[in-house]
Number of protein chains: 2
Amino acid sequence: MDCDCSIIGSINIISGKWKPVIIWMLLSGPRRFGELHKGIQGIALKVLSRHLKELEADGIINRKVYAEVPPRVEYTLTEKGMSLNDVMQLLVEWDKKYKVTK
Amino acid sequence: MDCDCSIIGSINIISGKWKPVIIWMLLSGPRRFGELHKGIQGIALKVLSRHLKELEADGIINRKVYAEVPPRVEYTLTEKGMSLNDVMQLLVEWDKKYKVTK
DNA sequence: CCGGATCCTAGATGATACTG
DNA sequence: CAGTATCATCTAGGATCCGG
């Protein structure tokens, strides 16, 4: 293929059962690991952990560790991650328009 | 969850290794089963078949069967499917901007 | 030519217990 | 608190054979 690959690349990044939700939550501000876990109903710790690592590797989010007791880790969106806002908004609008989500 | 679900719904529809490519191909006009199979390098027949059924079930594409010999089946986008054009374009632009696809 | 039916594999997801 | 380790499960994806 040729023209199609550009779509696959971007889709892959937000593909994953929970990645869009993670991004969505971070769009409204920094979140700690525990907050994400609590906010995303039903996600397994392991999955959240791996998704966060993948998103970090893709340059979508930043991971900031505070050397405190108790430990604290905050996740924020990078500029690249922020730019996904448009895409997310469009998807939400599209969903509303066509009542995809029941 | 609540606000997040709207994203999951729309993501799920275009989630799948080849669905974006299928939609992308159909955006430029109707395609026959064989054309899609030939155009999408490396996809298995079964996968293409299932993806098409799912997309049809989701109301994204139409399946038109011609009672001819040899058999002919054409797939076209529904209005709902067409409306994904904006999303796809945005994804492509986003990819270009951030060089996601190598 | 267009797929449906089957079987198979790998990776994604989930639940629980354990560590720095 | 923020994960990792481990085990079980689930599902998408792929290959092949067969029928309309």
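Residues numbered from 1 in each chain as written. Chains lettered and ligands numbered in written order. Predicted model: local features only at pLDDT ≥ 70, side-chain atom pairs only at ≥ 80, totals over all residues. Heavy atoms only, no water.

*Asks:* How should the protein's contact with DNA strand C be read in this particular structure?
*Replies:* Close to DNA strand C lie 20 residues; A:Lys17, A:Lys46, B:Ser49, B:Arg63 and B:Tyr75 are nearest. Within 4 Å of the protein, the contacting atoms of DNA strand C are 70% sugar and phosphate, with bases supplying the remainder. One nitrogen or oxygen atom from the side chain of B:Ser49 is found 2.7 Å from a phosphate oxygen belonging to DNA strand C. Elements that contribute at least two residues to the surface near DNA strand C include exactly α4 (45-57) of chain A together with α3 (33-39), α4 (45-57) and β3 (72-77) of chain B. Element by element, the count of residues in the surface near DNA strand C is highest for α4(A), at four residues. Its residues placed into classes, the surface near DNA strand C shows nine nonpolar, four polar and seven charged. (Near = heavy atom within 4 Å. Polar contact = N/O pair within 3.5 Å; in protein donor to acceptor, adjacent residues only side chain to side chain. Helix = DSSP H or I, 4+ residues; strand = E, 2+ residues; numbered from the N terminus. Nonpolar A, V, L, I, M, F, W, Y, C, P; charged D, E, K, R; others polar.)

*Asks:* Would you mind going over the pairing of strand β2 (residues 61-66) of chain A with me for this structure?
*Replies:* Regular strands show a simple pattern: their side chains alternate between the two faces of the sheet. Residue and element names in this part refer to chain A. Two elements, β2 and strand β3 (residues 72-77), share six bridges in a ladder whose sense is antiparallel. Along β3, the bridge assignment pairs Tyr66 with Arg72. Connecting β2 to the next strand, β3, in antiparallel fashion are five residues. (Pairing = 2+ DSSP bridges.)

*Asks:* What is the right way to read the sheet that holds β3(A) from this model?
*Replies:* The strands that make up a sheet pair up through hydrogen bonds in the backbone, lying either parallel or antiparallel. All names here are of chain A. One open sheet holds the three strands; their spatial order is β1-β3-β2, and the pairing between them is antiparallel. Looking along the sheet, the strands with just one partner apiece sit at the ends: β1 (31-32) and β2. Sitting on the sheet, helix α2 (residues 19-27) is in contact with β1, β2 and β3, with an inclination near 95° to β3. (Contact = heavy atoms within 4.5 Å. Axes fitted to C-alpha atoms, helices over the stretch in contact; angles between N-to-C directions.)

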